[in-house]
Number of protein chains: 2
Amino acid sequence: MNAIGIDVGGTNIKIGVVSKQGKVLKQDAFRVDPKEAGLSALKRIAKIINQYHKQYDIKGIGVGMPGILDLSTGELLYSSTTLNSWRQINIIKTLTKLTKLKVKISNDANVAALAEARFGKYKNVNSLILLTLGTGVGGGIIANKHLVEGNNGQGAELGHMSIDYHGRKCGCGRLGCLEAYVSAKALKKDAAKAFKKEIPVKDIFTLYEKGNPIAKKVINEYITYLGEGILNYCIIFRPEVILLSGGIAKAGSLLTKPLNIYLKKHHYGIKGTAKVLVDVASLHYDSGIIGAASLIL
Amino acid sequence: MNAIGIDVGGTNIKIGVVSKQGKVLKQDAFRVDPKEAGLSALKRIAKIINQYHKQYDIKGIGVGMPGILDLSTGELLYSSTTLNSWRQINIIKTLTKLTKLKVKISNDANVAALAEARFGKYKNVNSLILLTLGTGVGGGIIANKHLVEGNNGQGAELGHMSIDYHGRKCGCGRLGCLEAYVSAKALKKDAAKAFKKEIPVKDIFTLYEKGNPIAKKVINEYITYLGEGILNYCIIFRPEVILLSGGIAKAGSLLTKPLNIYLKKHHYGIKGTAKVLVDVASLHYDSGIIGAASLIL
């Protein structure tokens, strides 16, 4: 038995048939048109699904999308992306009606965490945290092998934990949110200030690798911010693994190596307590589809 | 079928028979003697349990104790209490051998959260956080009706989440831990500084109630610290309820009223998202016994 995974992003919508083993058997994608009504996009998606359904045994549909959702209806309550036209639509009811299949929905970062826990490099662990370091900062929590989504799916906003109650102002209104320090936007801003010019994230890490002192200062500060956020998540969840994904995680060991040194140096618990591994996420392009399908599989 | 709950504290050890409905049917207690070897105390406990076992149907034994434990063995890895003589004992194996009953163990704050989730005022919720505001600050997490204990039970150290990465030095070695701001010790220290003399916690709240301007300043700052910590837990877990226990929670509405005002004023999520209720814990004296027994019930 397979499931459909729908990965709704701010740029693309990807739809795939995923096997019980987490393999994507078939997939399609189309670009998000901010001018297209959400209902019209859903009809396009349903058409593709109904085609799939003729070819494959399908158990149900899982949807992963950014923003704050009402889990019971799939209604998008808040989104800072191009998906504003999707608001006030009961996505679950609409897709169920159009496809006659069972529909479940969750936040994109939650389903990415679920994909890692079910089919990733660390699929045998009981607990993991996924932290997405992109334009914004999100996350997903797996404890006792299950998603911790919070009441009506509105928890796990891991980018909005404050690491400094009188710190930087975040877009959400709070002070000191992790996102205000470790998002790609924040890193670019910090780098622009240090270099006195705009500089792409990739180049900051390249300069850091070459030993550029300004890049070193910027990245060391970044490691402190991210390290403190991760230490908080270690203290709270003591997961077996913390996985990093999103644009900044592309820096790979340039990010994880100094980060692991920072974490070892600072408080990680006392002698004898369980270690926490920090690594980059193992599933990339398809993790959205696979994770969404995992809500059903 | 009933279970035994053992509430190991820094001052007293309480042992009770708890029914499936969460009622304490019988209980005993004795004072902790810091000079007594842990093994000797365990033998005393086993003797009481074996007496209970003659009178009641007993399914197993649950133990709640402070400090950092190895969940698989029940070994106490770290404790700042009078229980140092309990270290390096495989509590699970020892008690099983002495009583022939199944034994489970968890941190005292975890089992207190479990007691609230199973038998407290909010026993119908799926998710809650319990925050103990005592000499130290601890906590327990219930998500999807289950304890989130972390790898080998070493998570949920809710007092050691930092709310200021360059803030106050905590006893654990980190900077800005919530405990360094909202423990009874921290509140007393802040009050002593403001009043220029030592003053008991109870009196600070009494003065606050009477409108004393120094007490008002101290408590308002306390509410900010606690409010920011709680906001973090709302963002991360979006629980249905956050319960406060421990010495400071005795202030009741003098604490929860300004706290709820602070939380409403600050970022709680966007319009339409689920509310989080903050209240004092409903089970008091026996919550340790009931919670410990809940590990089995």
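Anything mentioned here points back to the structure above.
Residues numbered from 1 in each chain as written. Chains lettered and ligands numbered in written order. Predicted model: local features only at pLDDT ≥ 70, side-chain atom pairs only at ≥ 80, totals over all residues. Heavy atoms only, no water.

## A word on the overall build of chain A
Next up, step 1: Helix and strand counts for chain A come out as 9 helices and 12 strands.
Next up, step 2: A compact globule built from 297 residues would reach a C-alpha radius of gyration of about 19 Å, and chain A, at 20 Å, matches this within 12%.
Next up, step 3: In terms of overall dimensions, chain A has a C-alpha envelope of 60 × 45 × 35 Å along the principal axes.
Next up, step 4: Taking all 297 residues of chain A together, 59% fall into the buried category.
Next up, step 5: Long-range pairs, those at least 24 residues apart, make up 62% of the contacts in chain A between residues at least 6 apart in sequence.
Next up, step 6: Accessible area of chain A: about 12,700 Å², with a carbon and sulfur share of 52%.
Next up, step 7: Seen as two clouds, the 41 positive and the 22 negative side-chain charges of chain A have centres 2 Å apart. (Helix = DSSP H or I, 4+ residues; strand = E, 2+ residues; numbered from the N terminus. Rg over C-alpha atoms; globule rule 2.2 N^0.38 Å. Buried < 20%, exposed > 50% of the residue type's maximum accessible area, 1.4 Å probe, protein only. Contact = heavy atoms within 4.5 Å. Areas by Shrake-Rupley, 256 points an atom, 1.4 Å probe, with all protein chains shown as cover. Lys, Arg positive; Asp, Glu negative; His and termini not counted. Charge placed at Lys NZ, Arg CZ, Asp CG, Glu CD.)

## Comments concerning the sheet that holds strand β4 (residues 58-65) of chain B
All names here are of chain B.
Next up, step 1: Read from one edge to the other, the open sheet built from 5 strands follows the order β3-β2-β1-β4-β7, with strand pairing classed as mixed. Looking at the sheet topology across the chains shown, the edges are occupied by β3 (24-31) and β7 (103-107). Each neighbouring strand pair of the sheet contributes to a mean axis angle of 15°, computed without reference to strand direction.
Next up, step 2: Each of β1 (2-8), β2 (12-18), β3 and β4 is contacted by helix α1 (residues 38-55), which is oriented at about 160° to β3, the strand it contacts most. (Pairing = 2+ DSSP bridges. Axes fitted to C-alpha atoms, helices over the stretch in contact; angles between N-to-C directions.)

## Some words on the relation of the copies chain B and chain A
Next up, step 1: When chain B is brought onto chain A, the operation consists of a screw motion whose angular component is 180° and whose axial shift is 0.0 Å, with 0.0 Å RMSD remaining. What we have between these two chains is a two-fold relation. The C-alpha atom lying nearest the rotation axis in chain B is that of D164 of chain B; the distance is 1.9 Å. (Least-squares fit on C-alpha atoms with pLDDT ≥ 70 in both.)

## Looking at the pairing of strand β6 (residues 75-78) of chain A
Next up, step 1: Taken together, the 3 bridges between strand β5 (residues 68-70) of chain A and β6 of chain A define a ladder with antiparallel strand orientation. By the bridge assignment for β6 of chain A, L69 of chain A is matched with L76 of chain A.

## As for the interface of chain B and chain A
Next up, step 1: Contacts between the two partners involve 44 residues from chain B and, on the opposite side, 44 residues from chain A.
Next up, step 2: Buried area between chain B and chain A, both sides added, is near 3,600 Å², and the carbon and sulfur share of it is 61%.
Next up, step 3: On the chain B side of the interface with chain A, the three residues burying the most area are Y165, R174 and I236 of chain B, jointly 20% of the side's total.
Next up, step 4: Seen at the junction of chain B and chain A, the total is 2 salt bridges.
Next up, step 5: Applying the counting rule to chain B against chain A returns 22 residue pairs in polar contact (both at pLDDT 80 or more).
Next up, step 6: Examining the composition of the side of chain B that touches chain A, we find that 9 residues originate from one element, helix α7 (residues 213-237) of chain B, more than from any other.
Next up, step 7: Its residues assigned to classes, the side of chain B that touches chain A shows 22 nonpolar, 15 polar and 7 charged. (Buried area = accessible area lost by both parts, 1.4 Å probe. Salt bridge = Lys/Arg side-chain N within 4 Å of Asp/Glu carboxyl O. Polar contact = N/O pair within 3.5 Å; in protein donor to acceptor, adjacent residues only side chain to side chain. Nonpolar A, V, L, I, M, F, W, Y, C, P; charged D, E, K, R; others polar.)

## Points about the nonpolar core
Next up, step 1: In this structure, L244 of chain A together with L244 of chain B are the most contacted members of the largest nonpolar core, which totals 102 residues.
Next up, step 2: Contact partners of L244 of chain B, with chain neighbours within four places excluded, come to L131, L133, L226, I230, A249, L255, T256, L259, V278, D279, V280 and A281 of chain B. (Core = buried A, V, L, I, M, F, W, Y, C linked by side-chain atoms within 4.5 Å.)

## Some remarks on the sheet that holds strand β11 (residues 241-245) of chain A
All names here are of chain A.
Next up, step 1: Ordered by their spatial adjacency, 5 strands build an open sheet running β10-β9-β8-β11-β12, and the pairing between neighbours is mixed. A strand with exactly one partner marks an edge of an open sheet, and here the two such strands are β10 (146-147) and β12 (277-280).
Next up, step 2: When strand β8 (residues 128-133) meets strand β9 (residues 137-143), the two strands line up antiparallel, connected through 6 bridges. Across the sheet, the residue bridging to L130 is G140, located in β9.

## Let's talk about the pairing of β11 of chain A
All names here are of chain A.
Next up, step 1: In terms of burial, β11 is largely enclosed, as 5 of its 5 residues are buried.
Next up, step 2: Taken together, the 5 bridges between β8 and β11 define a ladder with parallel strand orientation. Directly across from L128, in β11, lies its bridge partner V241.

## A closer look at the side chain of R238 of chain A
Next up, step 1: As for its position among the elements, R238 of chain A is in the loop between α7 (213-237) and β11.
Next up, step 2: Nearest to the buried, unbridged R238 of chain A among oppositely charged side chains is E157 of chain B, at 7.3 Å.
Next up, step 3: For R238 of chain A, the side chain forms a polar contact with the main-chain oxygen of A274 of chain A, separated by 2.6 Å.

## Examining helix α9 (residues 287-294) of chain B
Next up, step 1: By the criterion of burial, α9 of chain B is predominantly enclosed, with 8 of the 8 residues buried.
Next up, step 2: Where the residues of α9 of chain B are buried, they touch β1, β2, β3, β4 and α3 (108-119) of chain B.

## Comments concerning the packing of aromatic side chains
Next up, step 1: The final tally for this structure, using the stated rule, is 9 aromatic pairs over all chains.
Next up, step 2: Between Y181 of chain A and Y165 of chain B the ring centres are 6.1 Å apart and the planes differ by 75°, which places this aromatic pair in the edge-to-face class. Placement of Y181 of chain A in helix α4 (residues 179-182) and of Y165 of chain B in the loop between β10 (146-147) and α4 (179-182) is noted, with the two residues assigned to different chains.
Next up, step 3: Here Y165 of chain B falls in the buried class, since its relative accessible area comes to 16%.
Next up, step 4: Connected via pairs of aromatic rings, a cluster forms that spans Y233 and F237 of chain A together with Y233 and F237 of chain B.
Next up, step 5: The ring of F30 of chain A has R44 of chain A sitting right over it, with the charged end atom 4.1 Å from the ring centre. (Phe/Tyr/Trp six-rings, centres within 6.5 Å; stacked < 30°, edge-to-face > 60°. Lys NZ or Arg CZ within 6 Å of the ring centre and 35° of its normal.)

## Some remarks on the environment of I141 of chain B
Next up, step 1: Within the element layout of this structure, I141 of chain B appears in strand β9 (residues 137-143).
Next up, step 2: Placed 42 residues apart in sequence, I141 of chain B and S183 of chain B show a C-alpha to C-alpha distance of 19 Å.
Next up, step 3: In contact with I141 of chain B, other than residues within four places in its own chain, are I236 of chain A together with A113, L128, I129, H146, L147, V148, A156, L158 and F237 of chain B.

## A few points about a positive patch on the surface
Residue and element names in this part refer to chain A.
Next up, step 1: A cluster of basic residues, K20, K59, K102 and K104, forms a positive patch on the protein surface.
Next up, step 2: Note that K104 resides in strand β7 (residues 103-107).
Next up, step 3: When its relative accessible area of 40% is taken as the criterion, K104 is described as partly exposed. (Patch = residues over 30% accessible without salt bridge, like charges linked within 9 Å, V, L, I, M, F, W, Y side chains within 5 Å.)

## Looking at the packing of α7 of chain A against helix α8 (residues 253-265) of chain A
All names here are of chain A.
Next up, step 1: Contact geometry of α7 with α8 gives a least axis separation of 9 Å together with a crossing angle of 60°. One finds that α7 runs oblique with respect to α8. Between α7 and α8 lies a crossing of right-handed hand. Note on element contacts: α8 touches α7 through L255, P258, L259, Y262 and L263, opposite Y222, I223, T224, L226, G227, E228, I230 and L231.
Next up, step 2: Taken together, the residues of the contact of α7 with α8 break down into 10 nonpolar, 2 polar and 1 charged. (Parallel < 35°, antiparallel > 145°, perpendicular 65-115°, else oblique. Left-handed = near helix turned anticlockwise from the far one by under 90°.)

## Observations regarding empty space enclosed by the protein
Next up, step 1: A complete count under the given rule lists 3 cavities of 30 Å³ or more for this structure.
Next up, step 2: Classifying every residue of the lining of the largest cavity by side-chain character gives 2 nonpolar, 4 polar and 1 charged. (1 Å grid on protein atoms, 1.4 Å probe; cavity = no way out; pocket = protein on both sides within 12 Å on 5 of 7 lines; lining within 4 Å. Points joined across faces, edges and corners; volume = space filled by probe spheres on them.)

In short, geometric facts, not functional conclusions.
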